Amino acid sequence: MSKRSLNILIGIIVLVLLASIIAYPLSAGFRDWVHTWITDPVGLVALATTIAAIATLLAVVVGLRGIYVGRALAQEAFGQAEKAQEEHRQEFLEAQYNASRPLLVPAVADLSEVRELDEPMVFDWNSPNTFVTLQNVGNGVATNIWLVVLPPAPAPADALQYLCRFDMPLPAESNPVKVYLRQSAPVFAEHHHIKGHKLHIPPERAAAPADTADHFLARLSITYQDIFGRKHASIFDLSDWGIWVNVAFLPNIEHDLAEIQAGKVPQPVSAK
């Protein structure tokens, strides 16, 4: 018996009982019929049989209802167990991902060379190339590495950009590598971004400094993949004191620089 049929049967029984209870005090003919039926031995036996049948039917109904309730509870418990199992699987996968995640940053070849500049620097956007010393400080090998260095926005229509596709994987905890970026025609527009972070420096970050605020000259965006094929990004701004200031580390991005360059990514205007 389906749950719907069971509910209909219960409804019919309840309606019959309610009708009998209501009709007994209101209908003299019904009361006389009941008294005659009860005083007749045949009627009394029939009544007892009917009551026993109704009691049996109610017991069956209660039993079926218990089965449905038990089945619903079992399904709910099974669903919760599946959800918990999926959460544990995701946590395990995330731990594996994090254990093999690369992290690319601009660095210096020799820490003994780090020193403050005597005066603010100027970025030469007319040079045919520029370089970045790149290092993988993460736990996993980085592959399909792309780098781009872009000026502040708004950039002139004919402004050149510096772009590089690194040819080989960079192992975990690698030594710093000097990477040259070649000057290229404009490829990335001002509205291009990765997870809301623009590839060009926003005007407010490139504005003239006030007091101790940094004045940023260029933005370095790096995208790369881990051994699972997940894409990540590192974004840094170069200050006029020669310091790379971190903007964001973005794990598990949807599109990398290669896909943005190829025009495969719809880019909304709002970004920071």
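Going by the structure above, here's the rest.
Reading the values: rules and limits
Residues numbered from 1 in each chain as written. Predicted model: local features only at pLDDT ≥ 70, side-chain atom pairs only at ≥ 80, totals over all residues. Heavy atoms only, no water. Helix = DSSP H or I, 4+ residues; strand = E, 2+ residues; numbered from the N terminus. Buried < 20%, exposed > 50% of the residue type's maximum accessible area, 1.4 Å probe, protein only. Contact = heavy atoms within 4.5 Å. Areas by Shrake-Rupley, 256 points an atom, 1.4 Å probe, with all protein chains shown as cover. Pairing = 2+ DSSP bridges. Axes fitted to C-alpha atoms, helices over the stretch in contact; angles between N-to-C directions. Phe/Tyr/Trp six-rings, centres within 6.5 Å; stacked < 30°, edge-to-face > 60°. Lys NZ or Arg CZ within 6 Å of the ring centre and 35° of its normal. Lys, Arg positive; Asp, Glu negative; His and termini not counted. Salt bridge = Lys/Arg side-chain N within 4 Å of Asp/Glu carboxyl O. Core = buried A, V, L, I, M, F, W, Y, C linked by side-chain atoms within 4.5 Å.

Remarks on the overall build of the chain
When helices and strands are counted, the chain shows five helices and ten strands. Across the 272 residues that make up the chain, the buried fraction comes to 31%. Of all intrachain contacts in the chain linking residues separated by at least 6 positions in sequence, the fraction that spans at least 24 positions is 67%. Summing over all exposed atoms, the chain offers an accessible surface of approximately 16700 Å²; the carbon and sulfur share of this is 61%.

Observations concerning the environment of valine 177
Structurally, the position occupied by valine 177 is in strand 5 (residues 177–184). When the C-alpha atoms of valine 177 and proline 106 are compared, they prove to be 9.4 Å apart, with 71 residues separating the residues in sequence. Apart from the residues lying within four places of it in its own chain, the contact partners of valine 177 are Val132, Thr133, Leu134, Phe166 and Leu170.

Details of the sheet that holds strand 5
Here eight strands make up an open sheet; going across it, the order is 1-2-5-4-3-8-9-10 and the pairing antiparallel. Edge positions in the open sheet fall to strand 1 (104–106) and strand 10 (244–253), since each of these has one partner strand only. If you compare each strand with its neighbour and ignore which way they point, the axes differ by 25° on average. Sheet topology note: the strand 3 (residues 143–150)/strand 4 (residues 161–165) ladder contains four bridges and is antiparallel. Its bridge partner lying in strand 4, valine 149 is registered against tyrosine 162.

Considerations on the packing of aromatic side chains
All told, the structure shown has five aromatic pairs when counted by the stated rule. With centroids separated by 5.7 Å and ring planes inclined at 75°, the aromatic side chains of phenylalanine 236 and phenylalanine 249 adopt a geometry described as edge-to-face. In this pair, phenylalanine 236 sits in strand 9 (residues 231–239) while phenylalanine 249 sits in strand 10, placing the two residues 13 residues apart along the sequence. Here phenylalanine 236 falls in the buried class, since its relative accessible area comes to 7%. What links up through ring pairs into an aromatic cluster is the set Phe123, Trp125 and Tyr162. One residue, lysine 178, lies across the ring of phenylalanine 131, its end atom 4.1 Å from the ring centre.

Quick notes on the side chain of lysine 231
For lysine 231, the position within the fold is in strand 9. Glutamate 259 provides the closest opposite charge to the buried, salt-bridge-free lysine 231, at an N-O distance of 4.1 Å.

With respect to the pattern of salt bridges
Taken as a whole, this structure holds two salt bridges when the rule is applied. The salt bridge partner of arginine 219 is aspartate 237, with a shortest N-O separation of 2.7 Å. Note that arginine 219 is positioned in strand 8 (residues 216–225) and aspartate 237 in strand 9, a separation of 18 residues in sequence. Owing to a relative accessible area of 2%, arginine 219 belongs among the buried residues under this scheme.

A short note on the nonpolar core
One recurring pattern in soluble globular proteins: nonpolar side chains tend to sit buried together. One finds Leu104, Leu134, Ile145, Leu147, Val149 and Ile222 to be the most contacted residues of the largest nonpolar core, which totals 20 residues. Within the residue set of this core, elements represented by two or more residues are strand 2 (129–136), strand 3, strand 4, strand 5 and strand 8. Contact partners of valine 149, with chain neighbours within four places excluded, come to Phe123, Trp125, Val132, Gln161, Tyr162, Leu181, Ala218, Arg219 and Leu220. In this structure, Phe188, Ile194, Ala248 and Leu250 belong to the second largest nonpolar core, which totals 14 residues.

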